[in-house]
Amino acid sequence: GAGVSQSPSNKVTEKGKDVELRCDPISGHTALYWYRQSLGQGLEFLIYFQGNSAPDKSGLPSDRFSAERTGGSVSTLTIQRTQQEDSAVYLCASSSGQGGLAEAFFGQGTRLTVV
Amino acid sequence: AQKITQTQPGMFVQEKEAVTLDCTYDTSDQSYGLFWYKQPSSGEMIFLIYQGSYDEQNATEGRYSLNFQKARKSANLVISASQLGDSAMYFCAMRSLIFGAGTRLFVKA
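What comes next is a walk through the structure. (Residues numbered from 1 in each chain as written. Chains lettered and ligands numbered in written order. Predicted model: local features only at pLDDT ≥ 70, side-chain atom pairs only at ≥ 80, totals over all residues. Heavy atoms only, no water.)

Looking only at helices and strands, chain A has zero helices and 10 strands in total. For chain A, the α and β elements follow one another from N to C terminus as β-β-β-β-β-β-β-β-β-β. For chain A, whose C-alpha radius of gyration is 13 Å, the value lies close to the compact-globule estimate of 13 Å for 115 residues. Burial analysis of chain A (115 residues in total) assigns 49% to the buried set. Sequence-distant contacts in chain A: of pairs separated by 6 or more residues, those separated by 24 or more amount to 56%. Side chains of chain A give 10 positive and 11 negative charges; the mean places of these two sets differ by 4 Å. (Helix = DSSP H or I, 4+ residues; strand = E, 2+ residues; numbered from the N terminus. Rg over C-alpha atoms; globule rule 2.2 N^0.38 Å. Buried < 20%, exposed > 50% of the residue type's maximum accessible area, 1.4 Å probe, protein only. Contact = heavy atoms within 4.5 Å. Lys, Arg positive; Asp, Glu negative; His and termini not counted. Charge placed at Lys NZ, Arg CZ, Asp CG, Glu CD.)

Of the residues lining the interface, 17 residues belong to chain B; the matching set on chain A comes to 17 residues. Between chain B and chain A the total buried area reaches about 1400 Å² when both faces are included, carbon and sulfur atoms providing 59% of it. Of all residues in chain B, the largest losses of buried area upon contact with chain A belong to B:M45, B:R95 and B:L97, amounting jointly to 34% of the total for that side. Where chain B touches chain A, the interface holds zero salt bridges. Counting the contacts that link chain B with chain A gives three residue pairs in polar contact (both at pLDDT 80 or more). Sort the elements by how many residues they give to the side of chain B that touches chain A and strand β5 (residues 33-39) of chain B lands first, with four residues. Of the residues in the side of chain B that touches chain A, the class split is 10 nonpolar, five polar and two charged. (Buried area = accessible area lost by both parts, 1.4 Å probe. Salt bridge = Lys/Arg side-chain N within 4 Å of Asp/Glu carboxyl O. Polar contact = N/O pair within 3.5 Å; in protein donor to acceptor, adjacent residues only side chain to side chain. Nonpolar A, V, L, I, M, F, W, Y, C, P; charged D, E, K, R; others polar.)

Residue and element names in this part refer to chain A. Burial within strand β8 (residues 88-95) is extensive, with eight of its eight residues counted as buried. Burial along β8 is two-sided: A88, Y90, C92 and S94 and V89, L91, A93 and S95, pointing in opposite directions, are all buried. Bridge count between β8 and strand β10 (residues 110-114): three bridges; the pairing is antiparallel. Bridge pairing in β10 places Y90 opposite T110. Alignment of β8 against strand β9 (residues 105-106), held across two bridges, turns out to be antiparallel. Bridge assignment links S94 to a residue of β9, and that residue is F105. (Pairing = 2+ DSSP bridges.)

What follows concerns unusual backbone geometry. Residue and element names in this part refer to chain A. Residue P8 is reached from S7 by a cis peptide bond, and omega for that bond is -10°. Relative to the helices and strands, P8 is located in the loop between β1 (5-7) and β2 (10-13). In this structure, R81 is a non-glycine residue whose phi angle is positive, near 45°. In this fold, R81 is placed in the loop between β7 (75-79) and β8.

The next thing to look at is the state of the cysteines. Here a disulfide denotes one covalent bond, and it connects the sulfur atoms of two cysteines. Residue and element names in this part refer to chain A. Enumeration according to the criterion identifies two disulfides over all chains in this entry. The side chain of C23 participates in a disulfide bridge whose partner is C92; the two sulfur atoms lie 1.8 Å from each other. Here the disulfide of C23 and C92 is left-handed, its torsion about the S-S bond being about -65°. Linking C23 in strand β3 (residues 19-24) with C92 in strand β8, this pair joins segments that are 69 residues apart in sequence. Taken as a pair, C23 and C92 share a single burial class, namely buried. (Disulfide = S-S within 2.5 Å.)

Given below as structure tokens:
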């Protein structure tokens, strides 16, 4: 499809395990964002990729979280040694603009449950 | 530091009436963009409207308009002729990076 695709849509993992969440942005979009949304809350910015520039990692909550974007396209968010407080919906978005000055198109999210 | 504040956790509006959702922001940047997104109960995030800091006119998109008051650092969303399908969470955002806590809108029949 032409939209932002995230996989898996749901992930249940045991505390202490590592998880990888995937985001396939809209083709040609140079900007890619990861957010976390806990139940009933707003969006918490995690990381922002813009073209070939160094990513803005200022929102990552701890060093257990990391993300990469290969070839300026697909991105993977990795959470190591998952904790119960990591349970949330992880949203990915992409955009054609720079500096966050263009609308973001969102994927449907990955619902992560750590048990 | 950049910040978005939405002070209305929940709002009720009668169908076919207009409603204003408040948003104030804080930034030292001269150039910035302000966005409103809608999140229905299905969870998807839908872009509604954008206002650039240098835009002289208030943005409008169909039934949505943005009441931009730069000196007051406010960017309120106005929804005219509310419909039942407008019931959702509404988020104000800056640069698509900084989001407010959201306002849940309930449209009554």
